[in-house]
Structure formats: C-alpha cells, structure tokens
Amino acid sequence: MNRSIYVLEDVTSKEYWNLLFNHFAHEGDTLEIRCWKEEREEIKKALYYAESKEQTQGTLYEVSIKGIVTEEIKTKILEEPISEVSFSDRKVVSFFTMNVGTSFSSEHYGTEVYLNASSSKDEDIIKRALEILDSQDVEYVYGEF
Amino acid sequence: MKKNAKKVICIVLAVILVFSLSTPSYAASKSAGLAFGPVKIGNLEVKVTNPHVGQVPGMGRVNHINLHISKTSNGKDIANFHIVKQKSGKRDCLYVYESVSKKVVIDKCYDDWKTGIKEVVKLASAVVDKALENANAIATVAIWAAIVVVIIDLLVPMDPIPVIPFSTDGELVEI
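We now turn to the structure provided with this report.

Each value, and the rule that gives it
- Residues numbered from 1 in each chain as written.
- Chains lettered and ligands numbered in written order.
- Predicted model: local features only at pLDDT ≥ 70, side-chain atom pairs only at ≥ 80, totals over all residues.
- Heavy atoms only, no water.
- Disulfide = S-S within 2.5 Å.
- Helix = DSSP H or I, 4+ residues; strand = E, 2+ residues; numbered from the N terminus.
- Buried < 20%, exposed > 50% of the residue type's maximum accessible area, 1.4 Å probe, protein only.
- Contact = heavy atoms within 4.5 Å.
- Buried area = accessible area lost by both parts, 1.4 Å probe.
- Salt bridge = Lys/Arg side-chain N within 4 Å of Asp/Glu carboxyl O.
- Polar contact = N/O pair within 3.5 Å; in protein donor to acceptor, adjacent residues only side chain to side chain.
- Nonpolar A, V, L, I, M, F, W, Y, C, P; charged D, E, K, R; others polar.

1. Digging into the state of the cysteines
All names here are of chain B.
Okay, so step 1: Here the structure, examined in full by the defined rule, presents 1 disulfide over all chains.
Okay, so step 2: Bridging Cys 93 to Cys 109, the disulfide has an S-S length of 2.1 Å. Between Cys 93 and Cys 109, the disulfide has an S-S torsion of 90° and is therefore right-handed. Of this pair, Cys 93 sits in strand 6 (residues 91-98) while Cys 109 sits in strand 7 (residues 103-110); the two residues are 16 residues apart in sequence, bridging distant segments of the chain. Here Cys 93 and Cys 109 have matching classes, each one buried.

Rendered as structure tokens:
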C-alpha cells in the first residue's frame, strides 16, 4: 500500500523521519538526491553521500545526484541534525528530495514522506512514526495515495 | 483604450505594486527553489515553487509546481496545491492536487492556460479569504494577479504530461 505523511507544522526533532528512513532504506537500494541548483552546499553534501558521485541532468531548476545506499551513507544521513527550522523555510532534512529504491521518498525537505508499505512490519513502523508526531503534538495529514 | 491593453496595464501595475509594497514589509527571506514569495498577506504567507519532480498523488512522480499557503503565526500549512501541466490533443489541461484536504481539486482541460491558472488561483484565494485577518485589500488583489502571471510563466515552458482523452472534464472541488 502506498502511504503518505505530510507534516503540516514545525517539528523539533527528525525522529519520525529517521525511523522511516532507517526502516525503508536498505544497503544496495538506489539513492537519488535532488537539490535546487542554487543549493551549492547541499549539492556538495549530496555528491559526498551518493556513492557513484554521478551528477545527472535533473531539470531546469534541479540537480539529480544518484548513487547506492551503503551502511556508511545511511548512518551519516541518520546522524545529521535536524535542518534549519523557520516558518518560511521548514526543513527536517537538508535535501529537497530523496528517493530510496521504490519504497521511500522524502520530499520538500522531509515534510512530505511517501512510502510503499508491503508488510505488517512496514505498517508498524509507520504507526510508530505517527505516534512520535502525536507525542510532539505536531499536526499531519496521513493516508493512502 | 482597448480591453486587452487595459488588462496588460493592470497586470503590469499589479506586479509593480506587489514588488514595491512587498519587498520590505510583506516578503520574508527568499528560499531556494521559490519562483515567488514568500509573501505575507495579513496573517498568511503565500509562495510558489519552481518546477520540480516529485510525487503528486494520482499522477505518480512528475514535474509540477506548488502553490503553498501557511499561517505566519506558527508556520502551519493550510493549503498546498500541486499543479501539473497536461495536454489532451490540442487542449491545455491541469491536474491540481491539494494535499492538506487530500483532494484532486482540478482535473480539467481549458482553451488556454490563463483560464486554468485563474481557476487555481481562485481556489487558493478562497482558502486565504477563509483564514485571513487584517490584510490590505489592494495589495492582496495585486498579489493574486502577480501569482497568476508567475504560474503562467512557469507552466508555459514545462513539458506537458499527456492525458487519456475524454477523462478530463472534471469539476472544481471546493476545499
């Protein structure tokens, strides 16, 4: 089942995001990081994370950097602190878009997460991520898509 | 004066008004990936993203833009329109998904883009009207006029996604 979580307001930790990324990203999965072309620091960081160091065309406004998930990359991404938080520029993670395999997609800096849940374990993890948001009193929209 | 010339002058004046009024007091700091805004309208903030590839429920991972409305008091999103450009034969079509209400609000073909974009902006301004406090009415009208111009400018160069014929004369959905 395709599930989406859209976080409507600021969060103080990226615990929900980390829980989902840690579960749905596996070693050997394809990793695509998309940044806006003006995000020089983020592009540099993405090139470091993406194992293949391949920078592809993207679109007129975006750069697409593709690689493969390794345990090292996964750990580094999980260890990153929550990104800058401001009302106009809400970011949970520093990359605008991250696509992992076919089961995890983080968009709009982690405020929108799209998941392909294919097992009861997947569903349990999603439920736990929502419980984290509930415990932080953060409003979100959750459902199938 | 001809009707078209009047329209052009109105749009130009609207854009000038938005940027002259908004730069110091209405606009927040510019963020990456934004084609317009964030611009404050009373207690709300409006922004338009540049085209990017991402999930749009019902369409998959496609090139689209977002028209985004949030509250300035706490940053909470109140509407987020994902706008996809489509083409059906020679007709211009739009698919618009609003992710706070989780509804496809437009899935329709038009004789020209401008009519379609005006419908999107009409929906967005209705959301704003419901939640608005203490806004400058003239500036608000000017901001919406500028947003129509910005979205048209963004959509025109985008590659449209073909739609299945006879499936796109949907109705507007109130959110």
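After that view of the structure, there is still more to cover.
2. Digging into the interface of chain B and chain A
Okay, so step 1: Listed by partner, the interface residues are 31 residues for chain B and 31 residues for chain A.
Okay, so step 2: For the chain B and chain A pair, buried surface summed over both sides reaches about 2500 Å², with 52% attributable to carbon and sulfur atoms.
Okay, so step 3: Along the contact surface separating chain B from chain A lie 1 salt bridge.
Okay, so step 4: A salt bridge links Glu139(A) to Lys76(B), with the nearest nitrogen and oxygen atoms 2.6 Å apart.
Okay, so step 5: The tally of links between chain B and chain A comes to 11 residue pairs in polar contact (both at pLDDT 80 or more).
Okay, so step 6: Listed by contribution, the elements that provide at least two residues to the side of chain B that touches chain A are strand 2 (44-49), strand 3 (52-56), strand 4 (60-71) and strand 5 (77-88) of chain B.
Okay, so step 7: Its residues assigned to classes, the side of chain B that touches chain A comprises 8 nonpolar, 17 polar and 6 charged.

3. Points about helix 1 (residues 15-24) of chain A
All names here are of chain A.
Okay, so step 1: The buried fraction of helix 1 is high, at 8 of 10 residues.
Okay, so step 2: Among all positions in helix 1, only Tyr 16, Trp 17, Asn 18, Leu 19, Leu 20, Phe 21, His 23 and Phe 24 are buried.
Okay, so step 3: On its buried face, helix 1 is in contact with strand 1 (2-7), helix 3 (71-79), strand 5 (97-100), strand 6 (104-107), strand 7 (112-116) and helix 4 (120-135).

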